[in-house]
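# Understanding the architecture of this molecule
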Amino acid sequence: MIGENNFSRFLTNGAYFFAPIKLENGELYGGIALAIPRCSSSDNMLSWVFTITQVIELQLFWFGTVNTLGNMPDNYGILSIDRSNGQSHILIMSDEVIKIFGLPLRDYYYERLDNIIPTTSSNKSFWKIIDTDQKVTDKNIRLDVKGKQIDISISAAPLKQKFHTHGIILHITSIKQISRLNSQYSSNAQYSFDTIIKKSDAMQAVIQRSKTASLTDSNILLLGESGVGKDVIAQAIHNNSKRRNQPFIAINCASLSKDLIASELFGYESGAFTGAKKEGTLGKFELADNGTLFLDEIGDMPLDLQAILLRVLEEKSFRKVGGNTVVHVNVRIIAATNKNLMKKISDGLFREDLFYRLGIIRIHIPPLRSRESDIMILARHFITQICAQLGKPAVRLSESAASFFKHYLWPGNVRELKNTLEGIISTNDELEISEQEIRHYLSDFTVGAQFREHAAASQLVSNTQDQNEYIYDERKDFVQALKICHNNKTKAADYLGIPLRTFYRRLKKYGMLMV
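Everything in this summary refers to the structure shown in the same document. (Residues numbered from 1 in each chain as written. Predicted model: local features only at pLDDT ≥ 70, side-chain atom pairs only at ≥ 80, totals over all residues. Heavy atoms only, no water.)

Okay, helix 16 (residues 435–442) next. Of the positions making up helix 16, those classed as buried are Glu435, Ile438, Arg439 and Leu442. Seen from one end, helix 16 has its buried residues packed into an arc of 100°, which puts them on one side. Those residues of helix 16 that are exposed and aimed more than 90 degrees away from the buried face are Gln436 and His440. Ser443 sits one or two residues past helix 16 and shows a positive phi near 85°. (Buried < 20%, exposed > 50% of the residue type's maximum accessible area, 1.4 Å probe, protein only. Helix = DSSP H or I, 4+ residues; strand = E, 2+ residues; numbered from the N terminus. Arc of directions from axis to C-beta.)

As structure tokens, then:
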């Protein structure tokens with residue numbers, strides 16, 4: 001069925017012209033059709049239709065560019081250049097590019113680019129990209145802009161050639177911003193097993209167990225009191241694992257509110273909540289992909305979030321807050337807590353299934369009071385380190401001060417030892433740290449309450465009046481230990497770091513045996 005007999009008589013007397021409208025990626029968006037009487041047609045009609053479609057395509061392109069600009073994250077900018085007449089005129093220079101170049105914030109439309117970035121030898125790499133319409137991705141170059149040296153990362157692609165505009169579009173990022181992000185999100189695990197100060201058999205055993213565990217991909221749960229160095233062991237495990245060249249991301253589960261911790265762990269999409277960044281953000285799980293995620297103070301994680309965390313560990317995927325897309329990750333978990341998780345489980349505050357999922361490998365780090373041989377080598381190490389940082393001459397502990405350190409219970413463990421030395425050295429110009437200075441720093445009550453059983457009372461005080469004060473303070477410490485341990489005397493004795501038989505003897509001495 002071919003021929004004019006198969007069409008409407010009206011159509012047979014017409015002239016028709018059509019041109020497609022395509023998006024930047026080549027996708028067909030629509031088209032323009034021109035239908036006129038045959039007697040009114042001319043050779044220019046087809047050119048008119050093509051011109052109209054080019055105008056529409058150009059408008060769609062600019063609308064897309066404006067939309068892109070509106071959704072660009074901070075510190076990333078766009079610079080588009082018109083080179084139709086052989087010169088380089090600015091079409092778009094976003095505010096972020098203006099900031100990166102250190103220019104006054106104003107409209108630079110159609111100004112000559114070489115007035116801002118001169119065509120000198122120092123800018124040769126940049127102008128080669130412009131002049132040859134190079135397509136580059138994340139190329140690092142240095143620019144001389146108005147006499148200032150600026151390091152940028154640049155991606156470039158030619159503008160669509162079918163437009164009457166011949167030019168190039170650039171995506172520009174400050175190298176300082178990239179360095180900041182790298183330092184923020186890349187591995188910040190500083191410690192290795194070789195750099196951990198240890199002498200005691202207890203810590204040697206912890207290090208050996210941790211080394212073995214580091215060679216697996218199993219989740220690890222580090223247990224121990226506050227200040228024993230769980231974060232240090234976590235970093236050493238990462239640096240000894242096959243993930244050592246991948247990110248080590250740490251998050252303190254106790255420092256974030258219930259509302260924030262979900263977005264911190266999993267990130268969020270644009271507009272997920274009031275105050276959210278327009279471009280959204282990556283969560284710690286995504287940042288730690290192929291690396292290690294250290295969940296410190298896991299015992300303080302909200303119960304409802306524990307269920308979400310368990311599902312992520314089982315499925316190795318999650319959805320961002322406010323998002324629907326599934327994100328798959330490969331992350332090794334090291335968790336740590338100073339809480340009694342079994343007690344929290346019995347109280348309904350921690351999920352038993354999450355405990356077993358996190359604690360495939362469990363490593364208990366002993367308190368400093370159980371590692372007496374480590375105390376002085378740690379003290380000497382910290383003294384050397386602190387004096388160097390403060391630019392002070394090396395100091396030493398007096399004999400009585402060293403004895404004091406050995407017998408003090410260090411309830412804050414290694415962290416308390418370091419902080420005590422830093423506090424004293426920072427406020428004292430003497431070359432020798434005395435026992436009196438330490439007592440003054442820690443306060444008499446704390447000192448009296450935190451000594452080991454084998455430190456004789458005669459070493460702590462020199463007269464009867466002081467000795468009575470010492471007995472009074474230690475009694476308070478026993479009351480506090482029993483209260484914390486819910487009157488469990490075995491746990492209270494362990495909390496104070498003394499043998500159970502000695503604990504009972506002291507209870508009898510203070511008239512507390514029925515407490």
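Tracing the chain through its elements places Thr337 in strand 13 (residues 332–337). Excluding anything up to four places from it in sequence, Thr337 contacts Leu222, Leu223, Gly224, Lys230, Ile298 and Gly299. (Contact = heavy atoms within 4.5 Å.)

In a regular helix each residue adds 1.5 Å, so 14 residues correspond to 20 Å; helix 15 (residues 413–426) covers 20 Å between its end C-alpha atoms and thus fits that length. Looking at the buried positions of helix 15, the neighbouring elements they touch are helix 13 (372–390), strand 15 (396–397), helix 14 (399–407), strand 16 (432–433) and helix 16. (Expected span 1.5 Å × (residues − 1).)

Moving on, we come to the nonpolar core. Grouped together as the largest cluster of nonpolar side chains are 32 residues, with contacts concentrated most on Leu265, Phe285, Leu293, Leu295 and Ile298. Secondary-structure elements contributing two or more residues to this core are strand 9 (248–252), helix 8 (258–266), helix 9 (284–287), strand 10 (292–296), helix 10 (303–315), strand 13, helix 11 (341–346) and helix 12 (352–358). Apart from the residues lying within four places of it in its own chain, the contact partners of Leu293 are Ile249, Leu265, Lys284, Phe285, Ala288, Val331, Arg332, Ile333 and Ile334. Grouped together as the second largest cluster of nonpolar side chains are 28 residues, Met93, Val97, Leu113 and Val136 included. (Core = buried A, V, L, I, M, F, W, Y, C linked by side-chain atoms within 4.5 Å.)

What follows covers the sheet that holds strand 10. Taken in spatial order, the five strands make up an open sheet running 9-10-13-8-14, and their pairing is parallel. Among the strands making up the open sheet, the edge pair consists of strand 9 and strand 14 (361–364). Strand-to-strand twist in this sheet, taken as the mean axis angle between neighbours without regard to direction, amounts to 15°. Pairing analysis gives five bridges linking strand 9 to strand 10, with the strands arranged parallel. (Pairing = 2+ DSSP bridges. Axes fitted to C-alpha atoms, helices over the stretch in contact; angles between N-to-C directions.)

If you walk through the whole model with that rule in mind, you get 18 salt bridges. Between Asp131 and Arg83 there is a salt bridge whose closest N-O contact spans 3.4 Å. Linking Asp131 in helix 4 (residues 124–131) with Arg83 in the loop between strand 3 (76–82) and strand 4 (89–93), this pair joins segments that are 48 residues apart in sequence. Judged by relative accessible area, Asp131 falls into the partly exposed class, the value being 46%. Among the ionic pairs, Glu96 bridges to Lys99, the shortest N-O distance being 3.7 Å. Linking Glu96 with Lys99, this pair stays in helix 3 (residues 95–101), spanning three residues, or about one helical turn. Residue Lys99 is classed as exposed on the basis of its relative accessible area of 55%. (Salt bridge = Lys/Arg side-chain N within 4 Å of Asp/Glu carboxyl O.)

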